[in-house]
Amino acid sequence: MEGPNSDSSTLDKSAKIFVAGHRGLVGSAVVRRLHHLGFTNLLLRSHSDLDLTHQSAVDAFFASEKPQFVILAAAKVGGIHANATFPADFISVNLQIQTNVIDSAHRHGVAKLLFLGSSCIYPKFAPQPIPESALLTGPLEPTNEWYAVAKIAGIKMCQAYRIQYGWDAISAMPTNLYGPNDNFHPENSHVLPALVRRFHEAKVSGAKEVVVWGTGSPLREFLHVDDLADAVVFLLERYSGFVHVNVGSGKEVTVKELAELVKEVVGFEGDLIWDTSKPDGTPRKLMDSSMLAGLGWFPKISLRDGLVDTYKWYVENVKQ
Ligand SMILES: NC(=O)C1=CN([C@@H]2O[C@H](COP(=O)(O)OP(=O)(O)OC[C@H]3O[C@@H](n4cnc5c(N)ncnc54)[C@H](OP(=O)(O)O)[C@@H]3O)[C@@H](O)[C@H]2O)C=CC1
Ligand SMILES: C[C@H]1O[C@H](OP(=O)(O)OP(=O)(O)OC[C@H]2O[C@@H](n3cnc4c(=O)[nH]c(N)nc43)[C@H](O)[C@@H]2O)[C@@H](O)[C@@H](O)C1=O
């Protein structure tokens, strides 16, 4: 599934682009997109090759490799349970990775950097749909405020380097993502991959019921990661502004509607049980992506099509 929006990329196809986090959900989709567009000089390092929390190693890497562009998709990432359970990891690892990469990239002559944040940067009760201007206008959602604070610091760091040095660092704020190479961990993943795995395992084992967390009433906006990767390349090429840019699908569903859709796509025929001891998190976080639409970018993959694609990938690549 490839979006058309960055197909007309005019960036030099031999430009050296460091995609940090290239084995993850977002990083792997960005690499697919760049390869599809004909980029030939991608700089990739796995976590074990280069731990981005190690400042001196990151600095030595930038000093020797001197990439022209950086897409920062390496981060400590997880769903509502992981965020609430490991707050120290989520704030400290993310602050370390982004500080090391942004500062070294600037000092070693990177022409442009794109930082990836998340829709959780916005206040829990932000106006809906949430415009970029809602940043820092109210209290955060408690289940992910530690991660959100790190992401807000990343946006501010890009803005600060732009003000002080005139350096071209931009930030994209994606909504909830899903697709190939997602994390399908039973507890620590996001809702969509968690449900794909749980419904699949229930179908295979012949279970009568599947447990879903919370009340089912929260609304979430989902974007296929191939759409996001298309938007990332689009922004790298065409946006050099101070303000971070929302990247959403504009379509939201309740968790209950999502669970029913996953159930149907996977082909599970039993019942849903709601575990209301688990947190709902933010009641609603639909982003206002009109700024990106105004630049000329639109998503193209529907939730149903994206889910079918993701389940196919899961069956072919992950299931036991
Ligand atoms: N998934 C989502 O729904 C959303 C994601 N985003 C943002 O997109 C970005 C990418 O997220 P996503 O692709 O989902 O996350 P993943 O967990 O799938 O990928 C993150 C990548 O970063 C790598 N990484 C983590 N720590 C380090 C480290 N210390 N040194 C080097 N590499 C490291 C991981 O390697 P390893 O696995 O080996 O540790 C992994 O390859 C993040 O900034 C996230 O905030 C924003 C909105 C929604
Ligand atoms: C992208 C965004 O993702 C995180 O925020 P979130 O949207 O709240 O994350 P989530 O996908 O884990 O949950 C969405 C909803 O779904 C419900 N839910 C049902 N059943 C399962 C379930 O089985 N697993 C999970 N994880 N959630 C479930 C769950 O109770 C909640 O109501 C941030 O921490 C942060 O990482 C961030 O920025």
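This text follows the structure it describes.
Residues numbered from 1 in each chain as written. Chains lettered and ligands numbered in written order. Predicted model: local features only at pLDDT ≥ 70, side-chain atom pairs only at ≥ 80, totals over all residues. Heavy atoms only, no water.

Quick word on unusual backbone geometry
For clarity, the cut-off: A run of H or I in DSSP becomes a helix once it reaches four residues, and a run of E becomes a strand once it reaches two; helices and strands are each numbered from the N terminus.
The linkage connecting Gln128 with the following residue, Pro129, adopts the cis geometry, with an omega of -10 degrees. If you trace the backbone, Pro129 turns up in the loop between strand 4 (112–116) and helix 5 (145–165). A positive phi angle, near 45 degrees, is found at Lys66, a position not held by glycine. If you trace the backbone, Lys66 turns up in the loop between helix 2 (55–65) and strand 3 (69–72).

A word on the site of ligand 1
Which entries qualify depends on this criterion: Here, proximity means that at least one heavy atom of the residue falls within 4 Å of the molecule or strand. Pairs of N or O atoms within 3.5 Å make up the polar contacts considered here, provided that, within protein, one atom can donate a hydrogen while the other can accept it, and that residues adjacent in sequence are counted only when both atoms are side-chain atoms. Using the Shrake-Rupley algorithm and a 1.4 Å probe, accessible areas are obtained, with residue cover drawn only from the displayed protein chains.
Around ligand 1, 25 residues are found, and the nearest of them are Leu25, Val26, His47, Tyr147 and Lys151. At a separation of 3.2 Å, an oxygen atom of ligand 1 approaches a polar backbone atom of Gly24. With the chains in place, 83% of the 890 Å² that ligand 1 exposes on its own is no longer accessible.

Comments concerning the packing of aromatic side chains
Under the convention used in this document: In summary, the pairing rule links any two rings of Phe, Tyr or Trp, Trp by its six-membered ring, whose centres are within 6.5 Å, and it sorts them by plane angle into stacked for under 30 degrees, edge-to-face for over 60 and tilted for everything else. The classification of residues rests on relative accessible area computed with a 1.4 Å probe and restricted to protein chains. Under 20% of the type maximum is buried, over 50% is exposed, and intermediate values are partly exposed.
Under the criterion given, the structure shown has 10 aromatic pairs. With 5.4 Å between their ring centres and 80 degrees between their planes, Phe61 and Phe62 make a pair best called edge-to-face. Residue Phe62 is classed as buried on the basis of its relative accessible area of 0%. With 6.2 Å between their ring centres and 20 degrees between their planes, Phe184 and Trp313 make a pair best called stacked. With Phe184 in the loop between strand 6 (176–178) and helix 6 (191–205) and Trp313 in helix 10 (residues 303–317), the pair connects residues that are 129 residues apart, well separated along the chain. Comparing Phe184 with Trp313 shows no difference in burial state: the two are buried. Through a chain of ring-to-ring contacts, the aromatic side chains of Phe18, Phe61 and Phe62 assemble into a single cluster.

Overview of the environment of Leu177
Counted only if it meets this: Residue contacts follow a heavy-atom distance rule, with two residues in contact if any of their heavy atoms lie within 4.5 Å.
With respect to the helices and strands, the residue Leu177 is situated in strand 6. Beyond its immediate stretch of four places on either side in the chain, Leu177 contacts Leu25, Val26, Asp182, Leu223 and Leu228.

Observations regarding the nonpolar core
Rules: For this analysis, a nonpolar core means a set of buried residues of the types Ala, Val, Leu, Ile, Met, Phe, Trp, Tyr and Cys, connected via side-chain atoms within 4.5 Å.
The biggest cluster of nonpolar side chains holds 36 residues, and the ones touching the most others in it are Ile17, Leu34, Leu116, Leu235 and Val247. Elements represented by at least two residues in this core include exactly strand 1 (17–20), helix 1 (25–37), strand 3, strand 4, strand 5 (168–174), helix 7 (225–238) and strand 9 (245–247). Excluding residues within four positions of it along the chain, Leu235 makes contact with Lys112, Leu114, Ile170, Ala172, Val245, Val247, Leu292 and Leu295. In this structure, Ile97, Ala105, Ile152 and Met157 belong to the second largest nonpolar core, which totals 33 residues.

A look at the site of ligand 2
Here is the rule we go by: Classes in brief: Ala, Val, Leu, Ile, Met, Phe, Trp, Tyr, Cys and Pro nonpolar; Asp, Glu, Lys and Arg charged; the others, Gly included, polar.
What surrounds ligand 2 is a group of 22 residues, the closest being Gly78, Ile80, Ser118, Pro279 and Asp280. Here an oxygen atom of ligand 2 and a side-chain polar atom of Arg220 are 2.7 Å apart. In this structure, Asp280 approaches ligand 2 through a main-chain N or O atom, which is 2.6 Å from an oxygen atom. Protein chains shield 98% of the accessible area of ligand 2, which is 700 Å² for the free molecule. Contributions of two or more residues to the shell around ligand 2 are made by helix 3 (80–85), helix 6 and strand 7 (209–213). Residue contributions to the shell around ligand 2 peak at three residues, all from helix 6. For the shell around ligand 2, the residue count by class is 10 nonpolar, eight polar and four charged.

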